[in-house]
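Listed here are the chains, written in short residue letters.
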Amino acid sequence: MSVGSAVALLIKHASLSTAVLVGLYASFIGLLTLDSFQTHVIYLHKIQMTWFKDLNTPEIFGFLHNQVTPFGIPSPSGNAVFAWHILPIELYRKNEVALLAESSGYTQDIRTRHAFKLLREDPDAILAIHMHGAAGTVGSGYRVPNYRALSAGDPNKIHVLTFDYRGFGRSKGTPTEEGVRQDAVAVVQWALEVAEIPPERIIIFGQSMGTAVNLAVAEDFALQSPSIVFAGHVLVAPFVDAATLMATYQIAGTIPLLGPIANIPPLFSYLKRYLVHKWSSKDRIAAYIHANEASGAPYRITIIHAEDDYDVPWTHSQELFWHAVNATKPNGVSRVELEHAGLDEKHDLGPAGTVTKWATETGIVREEILKTGLHDVIMGNQVVTLAVMRILDSR
Ligand SMILES: *[C@@H]1O[C@H](CO)[C@@H](O)[C@H](O)[C@H]1NC(C)=O
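Predicted model only: the values in this text are computed from it and were never measured. (Residues numbered from 1 in each chain as written. Predicted model: local features only at pLDDT ≥ 70, side-chain atom pairs only at ≥ 80, totals over all residues. Heavy atoms only, no water.)

**Regarding helix α15 (residues 382-393)**
Point 1. With twelve residues, α15 should cover 16 Å at 1.5 Å per step; its first-to-last C-alpha distance of 16 Å lies within 8% of that length.
Point 2. Residues of α15 that are buried include every one of V383, V384, T385, A387, V388, I391 and L392, and no others. (Helix = DSSP H or I, 4+ residues; strand = E, 2+ residues; numbered from the N terminus. Expected span 1.5 Å × (residues − 1). Buried < 20%, exposed > 50% of the residue type's maximum accessible area, 1.4 Å probe, protein only.)

Below you can see the structure in the form of structure tokens.
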């Protein structure tokens, strides 16, 4: 074969594989307009990551014996939401003998458990309710160090309640925006009514997709009458809304998922019409702040993001922060005003990143942009601990 024909063959193959790739991509985009496929792409709930581990044996995820109580919380779906109640370490140590004497594993009636009584009967107990991101379960990845970071601020007082949305782990069903929101509301309702923790002793934490759930819950309770406002909300690696997230999402930080399409606005708006799961955090954070500014209910929001997060670009936090700030004033706050006039505090912490704070007479919105921390390692960072401590201090 001559060099010339070899090159011709190569070019033919190259264009063939390009055509195959373009074809595959087009079918992927086509599939995205199908509800069930989209559900899997957005929630990744079948990617459990804890496949061969039993969530009813929390010890294998790095907990002490009976430090965690696995149980179910009733949800409007008719299925139970699978949850873990995690005791803080010093409280565990003080009650070790009583806790070790109890039975282990899934608990049919958590109200009979010593750990639960330690939560309900302590008038100073704090409950951090945890809302995890897409994929995995309560036991996967950096979620366990995350629970420790949440309770580290007071190892006597800060309990953690974490759960799997429907379709995740042991919680039956299929996730939808409304269904996931309902499950989260049911968990918070359980904390208020069964564990009898008042809202001023509840902090809600969310990471990634969990931040969207967190804000849905914040809005839901703030708009109830009478309104219920929790001590504070911590959002790690949030996003503006699902459509903007998909436009900026890069698989493994390199392959843009919808980037090629996002660059063709008419095509992107066409695709957006098929997006069933909208998760508009920018609208929810604004509605939550409007409601609290109107009623005078104190509110605390901390937004945390790492610059090297390659799943959700940190600029989502910058944008969400502005939407929050804009909602604090009846006439809004322009981006220019935010940069130059109104800021309460702005600190450059060098290798630790920057902290920006916006305060009104009613509420505080903080934005902490770390230099490093990726998308999930950041969950175990002490900034999470400090965010909880600051919220508790300011009550
Ligand atoms: C900013 O706030 C003002 C006043 O509430 C509102 O009219 C405007 O739509 C907000 N801007 C955005 C982009 O949401």
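**Notes on empty space enclosed by the protein**
Point 1. Here the structure, examined in full by the defined rule, presents two cavities of 30 Å³ or more.
Point 2. The space that makes up the largest cavity amounts to roughly 90 Å³.
Point 3. L32, T33, Q38, A243, M246, L258, F268, L271, K272, Y274 and L275 together form the lining of the largest cavity.
Point 4. One number sums up the size of the second largest cavity: a volume of about 40 Å³. (1 Å grid on protein atoms, 1.4 Å probe; cavity = no way out; pocket = protein on both sides within 12 Å on 5 of 7 lines; lining within 4 Å. Points joined across faces, edges and corners; volume = space filled by probe spheres on them.)

**Overview of the sheet that holds strand β1 (residues 68-74)**
Point 1. Sheet architecture is open: ten strands sit in the order β1-β2-β4-β3-β5-β6-β9-β12-β11-β10, paired in mixed fashion. Unpaired on one side and paired on the other, β1 and β10 (345-348) mark the two borders of the sheet. Going across the sheet, the axis of each strand differs from the next one's by a mean of 15°, ignoring polarity.
Point 2. Judged from the eight bridges that link them, strand β9 (residues 299-306) and strand β12 (residues 363-370) form a sheet pairing that is parallel. Its bridge partner lying in β12, H305 is registered against I369.
Point 3. Helix α7 (residues 177-193) rests against β1, β2 (80-86), β3 (126-131), β4 (158-163) and β5 (202-207) of the sheet, and its axis sits at about 170° to β3.
Point 4. Contacting β6 (232-236), β9, β11 (354-359) and β12, helix α13 (residues 315-326) crosses the sheet at an angle of about 170° to β12. (Pairing = 2+ DSSP bridges. Axes fitted to C-alpha atoms, helices over the stretch in contact; angles between N-to-C directions. Contact = heavy atoms within 4.5 Å.)

**Re unusual backbone geometry**
Point 1. Look at the link from S225 to P226: it is a cis peptide, with omega at -5°.
Point 2. Tracing the backbone shows P226 in the loop between α8 (209-222) and β6.
Point 3. Backbone geometry places N66, a non-glycine residue, at a positive phi of 65°.
Point 4. Relative to the helices and strands, N66 resides in the loop between α2 (35-43) and β1.

**A few points about the domain arrangement of the protein chain**
Point 1. Here the domain parsing of the protein chain yields domain 1 (3-42) and domain 2 (48-393).
Point 2. Between domain 1 and domain 2, the C-alpha centre-to-centre distance is 37 Å.
Point 3. Opposite the nine residues of domain 1 that make contact, domain 2 presents 14 residues.
Point 4. Summed over both sides, the interface between domain 1 and domain 2 buries roughly 1100 Å², with carbon and sulfur atoms accounting for 75% of that surface.
Point 5. Of all residues in domain 1, Y25, Q38 and I42 give up the largest surface area on contact with domain 2, accounting jointly for 46% of the area buried on that side.
Point 6. On inspection of domain 1 and its partner domain 2, the count reaches zero salt bridges.
Point 7. Linking domain 1 to domain 2 there are one residue pair in polar contact (both at pLDDT 80 or more).
Point 8. Listing elements by their share of the side of domain 1 that touches domain 2, those giving two or more residues are α1 (3-32) and α2. (Domains from an automatic or database assignment. Buried area = accessible area lost by both parts, 1.4 Å probe. Salt bridge = Lys/Arg side-chain N within 4 Å of Asp/Glu carboxyl O. Polar contact = N/O pair within 3.5 Å; in protein donor to acceptor, adjacent residues only side chain to side chain.)

**Here we look at a nonpolar patch on the surface**
Point 1. Taken together, L44, I47, M49, W51 and F52 make up a surface patch of nonpolar side chains, about 600 Å² in accessible area.
Point 2. In this fold, M49 is placed in the loop between α2 and β1. (Patch = residues over 30% accessible without salt bridge, like charges linked within 9 Å, V, L, I, M, F, W, Y side chains within 5 Å. Areas by Shrake-Rupley, 256 points an atom, 1.4 Å probe, with all protein chains shown as cover.)

**Describing the site of the ligand**
Point 1. Near the ligand the following residues occur: H290, W322, H323, N326, P330, N331 and G332.
Point 2. Between the ligand and N326 there is a distance of 2.4 Å, counted from an oxygen atom to a side-chain nitrogen or oxygen.
Point 3. Starting from 360 Å² of accessible surface for the ligand in isolation, the protein chains cover 46%.
Point 4. The biggest single contributor to the shell around the ligand is α13, with three residues.
Point 5. For the shell around the ligand, a count of residues per class yields two nonpolar, five polar and no charged. (Near = heavy atom within 4 Å. Nonpolar A, V, L, I, M, F, W, Y, C, P; charged D, E, K, R; others polar.)

**Observations regarding the packing of aromatic side chains**
Point 1. As enumerated under the stated definition, the model contains nine aromatic pairs in all.
Point 2. When the ring of F71 is compared with that of W190, the centres are 5.0 Å apart and the planes differ by 45°; the resulting orientation is tilted. Of the two residues, F71 is situated in strand β1 and W190 in helix α7; the sequence distance between them amounts to 119 residues.
Point 3. Residue W190 is classed as buried on the basis of its relative accessible area of 7%.
Point 4. Taking the centre distance of 5.3 Å and the plane angle of 75° together, the rings of F221 and F230 count as edge-to-face.
Point 5. Judged by relative accessible area, which is 0%, F221 ranks as buried.
Point 6. Note on F230: relative accessible area 2%, which makes it buried.
Point 7. An aromatic cluster is defined as three or more aromatic residues linked by ring pairs; in this entry it consists of F61, F63 and W84.
Point 8. Just above the ring of W322 sits the side chain of R335; from NZ or CZ to the centre is 3.9 Å. (Phe/Tyr/Trp six-rings, centres within 6.5 Å; stacked < 30°, edge-to-face > 60°. Lys NZ or Arg CZ within 6 Å of the ring centre and 35° of its normal.)

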